[in-house]
Amino acid sequence: MTLMSDKSAGNGYFGPYGGQFVPETLMPALAQLDREYRSAMADPAFHAQFADALRKIAGRPSELYFASRFTEMLGGAKIYLKREDMNHTGAHKINNTIGQALLAQRMGKKRVIAETGAGQHGVATATAAAVYGLECDVYMGSEDIRRQALNVFRMKLMGARVIPVNSGQRTLKDALNEAFRDWMGSVEHTHYILGTVAGPYPFPEMVREFQSCIGAEARSQMLQAEGRLPDVVVACVGGGSNAAGIFARMINDKSVRMIGVEAGGRSLKPGDHAASLSAGRPGILHGTLSYVLQDDDGQTSLVHSVSAGLDYPGVGPEHAMWKDSGRVEYLPCGDEDALDAVVALSRAEGIIPALESAHAVAQAMKMAPKMPKDSILLINLSGRGDKDCNEIASILERRKGSEKK
Amino acid sequence: MNDLSDNRLVKLFAELKAASKKTLLPFLSAGYPDLETTGLLLDELQARGVRACELGFPFSDPVADGPVIQNSYAAALEQGATCDGILDVVRNYRSGGGSMALAAMVSYSIIYRHGVNEFLETCKSAGFDAMIIPDLPMEESQAVGPAADRLGLCNVLLVAPTTSPERRIEIARRSRGFIYYVSVAGITGQRDSLPEETIRGVEELRKHVQTPVCVGFGISDPQTVATVCQVADGAIVGSAIVKRLMDAKARGATSREMAACAGAFVEELITPLR
C-alpha cells in the first residue's frame, strides 16, 4: 500500500481551508508531529510496518462485497459494500489509530489521548494503545457514554480510562475540547490521536492518508471484480475520515461520482441536524477553517443526530474544498431514513450497519432504483451496528408505539 | 495611516517604564454574570488603580481555558452576552471617561465570523486598545497583524513554555503592545506555584526585545504577582478573579457587591506593585 504526501497541502491548507488555529502551546507539538509524519512518509520501513500492522491487527484488506439481494431489492444499480465493518474493532477507525500509535512510538511518546463520539474511535485507540503498550485516556461526552455503553465497557476492558465530559451538549464536540485541553498540559509526553480529518494541520492530511487504504483497496478490488471503477461512491460524513479515505484514491478518476452523506437529523432547521457542509458556512472550529455550524456571533450551534459519530458541528477542511470545487456532492440524510436503512440492509444481507454508515446506505437506497442495472454503486460501509443495537431497539420500539396510536 | 504611538496600552507601558513601575492586568469574562456587572467592574477596577484590563469575549468552545473561565463563558452566553453587548459596555465605559487600556481577548472563531476588518474596526471605535487572540498563532497572525497596525490596535501575541528560544524571539518581534508570556503549558486557572523557568524565560526574552512582557496563566495571589513583576512588566490574573465573582454570585450578592468583592481582591493583588 502506498501513502502519498500531498505537496499542495504542505502549507497546511486545502484551497482556502485548513490551517492551524490553535494556542501557541500546541504549535511545537504540531510541528513535531508534522516532521515525524513527513519522515515516516519518506521511510519505506514505516510503510512496511504500517502495512503489516493493518494486516495483522486490523485484518486488512477488508472485503469488497457484492450485495446481491440488496441490489435485487432496490432494482437498479449493482450495489457493492466496502466492508470496513469487518475490521477488527468494527469500523474504519482502527486504520488511523494504528498509524498514529506508530507515530507516537517514533516520537517516543508513552501516552495517547483521544476524543470519541460513538465510541468507535475510542475503542480503536484503546486497541492500538494496548497493542503498542501505551497509556490511554479517552474523552467522551456523558450523553454519548449513555448512548454507547458497550463501547465504554470495551475501552475500559482494554485498559483505557474513559473520562466523561459534562460541558456543552456532552457529545463529540465537547470531547474534542477536553482532549485539546488535556493536550495543552501534557504535550511533552502525550500524543493526541485525533479521530478524523478535521483539527489543525497536519491532522486532516495525515488521517486521510492513514485511511486511504480503504480507497486504494476498493479501487483495485473493483477493477478486479468488474473490470471498471464504480459509477458512484457513497460515504457518510461526520468529521469525514472514512469518506476521505475512500474518496482520496479515486478523486482523480473523473468518471466516478462521489457523494458524502451528512447527518440531516430531524430537519435542516438549526439545532436539528449536524449537516455542516449542507447547511453551514466557512468558519473556524477546533483549529481548522472549514464549513461549520455557527450562529452570527461565531458561537458553535447545537447539533443533533441519531448517530453519535456524526453529531459534530464541523467537518474536515478537504471536504470543504471538494464541496466548493463540486468534485464531491454533499447531501443530508435524516434520522428516520438512516433507521430504515439499518433495517433494510440487516434483512437483505444479514449485515447490521452502524447508524453512521446507515446514512450512506440510505442515500444509496434513494439513488440505486433510478440507476441502470449495469451501473455500479459503491457504499463505504464504515462500521458495524452492534454498538447501536440498544439505541436502535429503543427507537424502533418508540416508533412501533406511535404507529399504534 | 494610524500608528501605535497614540495607543493607550503603548503609552501606559512607556509611562511605567519611565517610572520603573510594573502593572497588574486583571482579566474579566465579559458578560459574566451579566453585562451590567461587567460595566460596574470596569469602573471599580479603575477606581482601585488598575491601568490595563483584559475583557474575555465568551466563546462556546474555549480550548485554552480551564473550568472557571469555561463556566463563566457558558453562563455569560446563557445570559445572552453578545459581541454587540460587550462593545456597548466598552462604549459606555469610554463615554463615562474610562481611561484604562483595554484588551479584547477573543477567539479567532468569533473574529472570522464577523470579518477581520469589520471586527477590528468596531473594537477600535468602541474603545479597545489591543487584541489578544489565543488561537491565532504566529503563522496565521498575518490575517490580523497588518489590519490591527493600520487601525492603531495592538495585536498581542503569546509565547508558551513549549515555544523554542528562536521562535520566542520571532513571536516577540511581531507582537505589539506587550508579549503575553504564558507561564505554564496547560489551560488557564490557578496553580500552586509558578515554574522557575518562567522567571528565567522572561529574563532571556528581555535580552532580545524591547517590547514589554506580561506573564499570565496560573497567577492567583499578591506574592506571585510580586515575584513575576520582578522580571516582567505586568502580571495577568484571570481565573482567580472570576472565581471570586462566582463565589459572590453563589452567595446571592448583587452586581454592586460582586464588583466591590472583585475590587477588594484586585486591590490586594496590586498592593505589592505600588
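Calculation rules
Residues numbered from 1 in each chain as written. Chains lettered and ligands numbered in written order. Predicted model: local features only at pLDDT ≥ 70, side-chain atom pairs only at ≥ 80, totals over all residues. Heavy atoms only, no water. Helix = DSSP H or I, 4+ residues; strand = E, 2+ residues; numbered from the N terminus. Rg over C-alpha atoms; globule rule 2.2 N^0.38 Å. Buried < 20%, exposed > 50% of the residue type's maximum accessible area, 1.4 Å probe, protein only. Contact = heavy atoms within 4.5 Å. Areas by Shrake-Rupley, 256 points an atom, 1.4 Å probe, with all protein chains shown as cover. Lys, Arg positive; Asp, Glu negative; His and termini not counted. Charge placed at Lys NZ, Arg CZ, Asp CG, Glu CD. Core = buried A, V, L, I, M, F, W, Y, C linked by side-chain atoms within 4.5 Å. Arc of directions from axis to C-beta. Axes fitted to C-alpha atoms, helices over the stretch in contact; angles between N-to-C directions. Left-handed = near helix turned anticlockwise from the far one by under 90°. Pairing = 2+ DSSP bridges. Buried area = accessible area lost by both parts, 1.4 Å probe. Salt bridge = Lys/Arg side-chain N within 4 Å of Asp/Glu carboxyl O. Polar contact = N/O pair within 3.5 Å; in protein donor to acceptor, adjacent residues only side chain to side chain. Parallel < 35°, antiparallel > 145°, perpendicular 65-115°, else oblique. Nonpolar A, V, L, I, M, F, W, Y, C, P; charged D, E, K, R; others polar.

(A) Inspection of the overall build of chain B at higher detail. Scanning chain B from N- to C-terminus turns up twelve helices and nine strands. Here the C-alpha radius of gyration of chain B, 17 Å, is about what a compact globule of 274 residues would show, namely 19 Å. Burial analysis of chain B (274 residues in total) assigns 61% to the buried set. Considering only residue pairs separated by 6 or more positions, chain B has 72% of its internal contacts joining residues 24 or more positions apart. With an accessible surface of roughly 10600 Å², chain B has 48% of that area assigned to carbon and sulfur atoms. Positive and negative side-chain charges of chain B, numbering 27 and 33 respectively, have mean locations separated by a distance of 5 Å.

(B) Geometry of the nonpolar core. Counting 196 residues, the largest nonpolar core has I98, W183 and F247 of chain A together with F128, M131, F178 and Y180 of chain B as the members making the most contacts within it. If near-sequence neighbours (up to four positions away) are discounted, F178 of chain B is found in contact with L9, F13, L25, I132, V156, L157, T211, P212, C214 and I236 of chain B. Formed by 40 residues, the second largest nonpolar core is a distinct cluster that contains L74, I79, A362 and A364 of chain A.

(C) Structural detail: helix 9 (residues 196-208) of chain B. Residue and element names in this part refer to chain B. Among the residues of helix 9, those classed as buried are T198, G201, V202 and L205. Projected down its long axis, helix 9 shows its buried positions confined to an angular sector of 100°, all on one face. Turned more than 90 degrees off the buried face of helix 9, the exposed positions are E196 and K207. Elements that come into contact with the buried residues of helix 9 comprise helix 8 (165-174), strand 7 (179-182), strand 8 (213-216) and helix 10 (222-231).

(D) The packing of helix 2 (residues 35-47) of chain B against helix 4 (residues 83-95) of chain B, seen in detail. All names here are of chain B. It is the contact of helix 2 with helix 4, at a shortest axis distance of 10 Å, that shows an interaxial angle of 35°. Crossing geometry of helix 2 relative to helix 4 is assigned as right-handed. Touching L35, T38, G39, L42, D43 and Q46 of helix 2 are G85, I86, V89 and Y93, all from helix 4.

(E) Fine view of the pairing of strand 14 (residues 376-381) of chain A. Residues and elements named next belong to chain A. Within strand 14, six of the six residues are buried, which leaves it mostly tucked inside the rest of the structure. Burial of strand 14 is two-sided: the residues I376, L378 and N380 facing one way and the residues L377, I379 and L381 facing the other way are all buried. Judged from the six bridges that link them, strand 4 (residues 78-83) and strand 14 form a sheet pairing that is parallel. Bridge pairing in strand 14 places L81 opposite I379. Of the pairings in the sheet, the one linking strand 9 (residues 232-236) to strand 14 comprises three bridges and is parallel in character. Directly across from V232, in strand 14, lies its bridge partner L377.

(F) Expanded view of the interface of chain A and chain B. Contact residues are listed per partner, giving 35 residues for chain A and 34 residues for chain B. The largest per-residue losses of area from chain A upon contact with chain B belong to E24, R181 and D297 of chain A, which jointly make up 26% of the total buried on that side. Here chain A is connected to chain B by two salt bridges. In this structure, the salt-bridge partner of K173 of chain A is D61 of chain B, at a minimum N-O distance of 3.0 Å. Between the two partners, chain A and chain B, sit 22 residue pairs in polar contact (both at pLDDT 80 or more).

(G) Expanded view of the packing of helix 8 of chain B against helix 9 of chain B. All names here are of chain B. Direction vectors running N to C along helix 8 and helix 9 enclose 60°, while the axes themselves pass 10 Å from each other. It follows from the interaxial angle that helix 8 and helix 9 lie oblique. The handedness of the crossing between helix 8 and helix 9 is right-handed. Touching R168, I169 and A172 of helix 8 are G201, L205 and H208, all from helix 9. Split into classes, the residues belonging to the contact of helix 8 with helix 9 amount to three nonpolar, two polar and one charged.

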